[in-house]
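Letter by letter, the chains look like this.
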Amino acid sequence: ILVNNAGLNVPRWAVDVTEDQWDRVLDTDLKGAFFVAQAVGKHMIARGQGGRIINITSIMGQVGFYYRAAYCSAKAGLANLTRVLAVEWSPHGINVNAVAPAFILTPLTAPMFEDAAFHDLVIDRTPLRRIGEPADVVGAVVFLASPAANMVTGHVLLVDGGWTAW
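Residues numbered from 1 in each chain as written. Predicted model: local features only at pLDDT ≥ 70, side-chain atom pairs only at ≥ 80, totals over all residues. Heavy atoms only, no water.

Peer 1: For this particular structure, what's the right way to read the pairing of strand β3 (residues 94–101)?
Peer 2: For a regular strand, the rule is simple: side chains alternate between the two faces of the sheet. When you tally the buried positions in β3, you get 8 out of 8 residues, the bulk of the element. Covered by surrounding structure in β3 are Ile94, Val96, Ala98 and Ala100 together with Asn95, Asn97, Val99 and Pro101, the residues of both alternating faces. In this view, the connection linking strand β2 (residues 51–56) to its parallel neighbour β3 by way of helix α2 (residues 69–89) has right-handed handedness. Here β3 pairs with strand β4 (residues 156–159) via 4 bridges, running parallel. Counterpart to Val99 in the pairing with β4 is Leu157. (Buried < 20%, exposed > 50% of the residue type's maximum accessible area, 1.4 Å probe, protein only. Helix = DSSP H or I, 4+ residues; strand = E, 2+ residues; numbered from the N terminus. Right-handed = clockwise from strand over helix to strand, strands pointing away. Pairing = 2+ DSSP bridges.)

Peer 1: Sorry if this is basic, but what is going on with the sheet that holds β2 here?
Peer 2: Sheets are built from strands that pair by backbone hydrogen bonding, the pairs being arranged parallel or antiparallel. Judged by pairing direction, the sheet is parallel, and its 4 strands sit side by side in the order β1-β2-β3-β4 without closing on themselves. In the strand order of this sheet, the two ends are held by β1 (2–4) and β4, each with one partner. When strand polarity is set aside, the average angle formed by the axes of neighbouring strands in this sheet is 20°. As judged from the 3 bridges shared by β1 and β2, these two strands associate in the parallel manner. Its bridge partner lying in β2, Asn4 is registered against Asn55. In the packing of helix α1 (residues 19–47) onto the sheet, the strands contacted are β1, β2 and β3, and the crossing angle to β1 comes to about 170°. (Axes fitted to C-alpha atoms, helices over the stretch in contact; angles between N-to-C directions. Contact = heavy atoms within 4.5 Å.)

Peer 1: Sorry if this is basic, but what is going on with the environment of Ser73 here?
Peer 2: Along the chain, the position of Ser73 falls in helix α2. Classification of Ser73 by relative accessible area gives partly exposed; the value is 33%. Sequence spacing of Ser73 and Gly61 is 12 residues, and the spatial spacing of their C-alpha atoms is 6.6 Å. Here Ala69 takes part through its backbone oxygen, which lies 2.7 Å from a polar atom of the side chain of Ser73. (Polar contact = N/O pair within 3.5 Å; in protein donor to acceptor, adjacent residues only side chain to side chain.)

Right under this line is the structure:
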């Protein structure tokens, strides 16, 4: 089982994103995920016993959101890469899926929620009326890693409190 969970954002208006910032986000969020999956996928194929690859993308790969042009683009690419790898590697018994959380409260994201306006925007946009926690993502990952998901591949599982239901 591989869980690909690297990601970063360089928050900027699209007109202000530099090429270096763009490359940093895409290199981490998409390129890095691809090459880790490729290395592990080669091993899984050679071993001949199948496996599971779970990419952690984001709802920002499904919708647009301000201040996140590079991040949204990288996460959208990761969602589609998930589908491509599922198609290519399913003959080898490898299920490739993704989990796309909404905003999750972590030490890295906590400073964003100190801004009351941003906190309220996220709560107002989320039908479940709360910010996600890491434990909310765990169940989705465990499900996709388990035999309960034997017939699931190429899927992006949204863990977003209803954000994308709008």
